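Results of the structural survey
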Amino acid sequence: MTRMELRQLRYFVAVAEELNFGRAAERLLIAGPSLSQQIKALERDLGVRLFDRDRRSVSLTPAGSALLPHTRALLDRAADLQQRAGRLAGSEPVRLGYVNWLPGDLTARAAEVAQLHIDAWIAPSHTQAARVADGSLDLAVCWVRTEDLERRGLRARLIGADRLYAVAAGDDSNDVAAQDTVVLLDDDTTSWSSWNTYAELLARDTGARAVHITDGGITGPAFFDHVRRSGLPVINSPKGQTTPLPADLVRRPVVAPEIHWTWSVVRRASEDRPAVLALVDALCDGVGDLVPHAPDAWLPEGDPHR
């Protein structure tokens, strides 16, 4: 619809609410004769009479009463469209980094509020958090602890969560207690700092056996080789959540406790740009309560969503 037609619809709503052309004209800050002419033009374009009027009173016709709620709804949609367009037109590009996981509806959520640029450098959680802190990124989807947020001047909101499982040799896919599993820690702390912290806390709290490795076998074929050699189920990291298993290995749910990993959207605490803040809201609002609350559920000490 043209701007004039939308204006005519606003005039129609104002007269319908006031049931007085003079008061409606004052409210709209236009001259009374001009308002009357615009209403007549609208009636002519629609092919129906909207008001019954004489010198003393104005009332809605049946057609006017029927069209009024639809007109209000149309004007609301037009206003929403203008607001969304205004946010996009005036927003700065927002740079977002990640580790290995992003929500499936990321693009749809972001399209309404910001010009999203996903950073091509896929890096570990602690690296992405540091890049947000130093301004290399505006946001990152990563795993963080409360002490990391405080030390780097960051804020985090929950965007996702994974229940981790164990991988074992053989065909037994029954539940396995956490104390009867192995969790791997890699000596390459540059790449695996966040996972090692998580794994150490998991071993401390649940009795899982921590095994140090040097071959990058937290994921990939080397991980499967560790599973085959271990004799015990091995906890799978978030980076391997969707990786297909070889035919000789099975997935086993971990219980007593169930173990969970959280994903946060991280921003600088001092961030005040509307596009960045709006994108955080768009990504996190309505994702639901992803944090487990059952007694048999575990999140590591210091998890900001615990």
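Model, not experiment: these values are computed from the prediction.

Turning to the side chain of Thr71, a few remarks are in order. Along the polypeptide, Thr71 turns up in helix α4 (residues 62-90). Setting aside chain neighbours within four positions, we find Thr71 in contact with Leu9, Phe12 and Val13.

This part takes up the pairing of strand β4 (residues 115-118). Both strand β3 (residues 93-98) and β4 contribute to a ladder of four bridges, which runs parallel. Among the inter-strand pairings, Leu96 is bridged to a residue of β4, identified as Ile118. Of the crossover connections in this fold, the one passing from β3 over helix α5 (residues 106-111) to the parallel β4 is right-handed.

The subject of this paragraph is unusual backbone geometry. Of all residues except glycine, most have a negative phi; of all peptide bonds, most are trans. Across the junction of Ala256 and Pro257, the peptide omega takes the value 5 degrees, indicating a cis bond. Residue position: Pro257 is located in the loop between β12 (249-255) and β13 (258-268). In this structure, Leu29 is a non-glycine residue whose phi angle is positive, near 60 degrees. Among the structural elements, Leu29 can be located in the loop between α2 (21-28) and α3 (32-46). For Ala256, which is not glycine, the phi torsion reads 50 degrees and is therefore positive.

The next subject is α3. Its 15 residues give α3 an end-to-end C-alpha distance of 21 Å, which sits within 8% of 21 Å, the value for a rise of 1.5 Å per residue. Taken residue by residue, α3 has Leu35, Gln38, Ile39, Ala41, Leu42 and Glu43 as its buried positions.

This part is about the pattern of salt bridges. Side chains that carry opposite charge are capable of pairing whenever their charged atoms lie near each other. Tallied over the full model, the rule gives 23 salt bridges. Among the ionic pairs, Arg53 bridges to Glu43, the shortest N-O distance being 2.9 Å. Taken together, the residues Arg53 in strand β1 (residues 51-53) and Glu43 in helix α3 connect sequence positions 10 residues apart. Bridged by salt links that share partners, the residues Glu17, Glu18, Arg23, Arg27 and Arg72 form one connected network.

Remark: α2 packs on α3, axes separated minimally by 9 Å, with the N-to-C direction vectors making an angle of 100 degrees. As far as their axial angle goes, α3 and α2 are roughly perpendicular. On the side of α2, the interface is formed by Phe21, Ala24, Ala25 and Leu28, while α3 contributes Gly32, Leu35, Ser36 and Ile39.

By size, the foremost hydrophobic cluster in this structure holds 60 residues, and its most contacted members are Trp195, Tyr198 and Ile235. Among all residues touching Trp195, those that are not within four sequence positions of it are Leu164, Val183, Leu184, Ile218, Ile235, Asn236, Ser237, Pro238 and Trp261. Of all hydrophobic cores here, the second largest spans 20 residues; its members include Phe21, Ala25, Phe51 and Ala78.

Looking now at the side chain of Arg131. Tracing the backbone shows Arg131 in helix α6 (residues 125-134). Ignoring sequence-local partners within four residues, the contact set of Arg131 consists of Asp119, Trp121, Ser136 and Leu137.

Considering the arrangement of structural elements, one finds Val132 in helix α6. Beyond its immediate chain neighbours, meaning those up to four positions away, Val132 contacts Leu137, Asp138, Leu139, Ala140, Leu154, Val266, Arg267 and Arg268.

The topology assignment puts Asp171 in the loop between β7 (165-169) and β8 (176-177). Sequence separation between Asp171 and Trp298 is 127 residues, and the spatial gap between their C-alpha atoms is 26 Å.

Every regular strand shows the same layout, with side chains that alternate between the two sheet faces. Taken together, the five bridges between strand β9 (residues 182-186) and strand β10 (residues 209-213) define a ladder with parallel strand orientation. Residue pairing in the sheet places Val182 in a bridge with Arg209 of β10. Crossover β9 to β10 through helix α8 (residues 189-206) is right-handed.

Attention now moves to α8. Of all the bends in α8, the largest measures some 40 degrees and sits at Trp195. Among the residues of α8, Trp192, Ser194, Trp195, Asn196, Tyr198, Ala199, Leu201, Leu202, Ala203 and Thr206 are the ones counted as buried. Where α8 is buried, its residues touch α6, β9, β10, β11 (234-235), β13 and β14 (297-298). Just past α8, the residue Gly207 takes up positive phi, approximately 90 degrees.

This next bit is on the packing of aromatic side chains. Evaluated as defined, the whole model comprises 11 aromatic pairs. Each ring, one from Phe21 and one from Phe51, has its centre 6.1 Å from the other, and the planes form 70 degrees; the classification is edge-to-face. Here Phe51 lies in strand β1 and Phe21 lies in helix α2, a separation of 30 residues in the sequence. Each member of the pair, Phe21 together with Phe51, is buried. Aromatic pair Trp143 and Tyr198: ring centres 6.0 Å apart, planes at 80 degrees, arrangement edge-to-face. Within this pair, whereas Trp143 is found in the loop between β5 (139-142) and α7 (146-152), its partner Tyr198 is found in helix α8, the two being separated by 55 residues in sequence. Of the residues examined, Trp143 reaches a relative accessible area of 3% and is grouped as buried. The rings of Trp101, Trp143, Trp195, Tyr198, Trp261, Trp263 and Trp298 are connected pair by pair, giving a single aromatic cluster. In this structure, Lys239 is placed above the aromatic ring of Trp192, and the distance from its NZ or CZ to the ring centre is 4.9 Å. Note that Arg251 overlies the ring of Tyr165, its terminal NZ or CZ placed 3.9 Å from the centroid.

Cut-offs used in this document
Residues numbered from 1 in each chain as written. Predicted model: local features only at pLDDT ≥ 70, side-chain atom pairs only at ≥ 80, totals over all residues. Heavy atoms only, no water. Helix = DSSP H or I, 4+ residues; strand = E, 2+ residues; numbered from the N terminus. Contact = heavy atoms within 4.5 Å. Pairing = 2+ DSSP bridges. Right-handed = clockwise from strand over helix to strand, strands pointing away. Expected span 1.5 Å × (residues − 1). Buried < 20%, exposed > 50% of the residue type's maximum accessible area, 1.4 Å probe, protein only. Salt bridge = Lys/Arg side-chain N within 4 Å of Asp/Glu carboxyl O. Axes fitted to C-alpha atoms, helices over the stretch in contact; angles between N-to-C directions. Parallel < 35°, antiparallel > 145°, perpendicular 65-115°, else oblique. Core = buried A, V, L, I, M, F, W, Y, C linked by side-chain atoms within 4.5 Å. Bend = angle between axes of the 7 residues up to and from the residue. Phe/Tyr/Trp six-rings, centres within 6.5 Å; stacked < 30°, edge-to-face > 60°. Lys NZ or Arg CZ within 6 Å of the ring centre and 35° of its normal.

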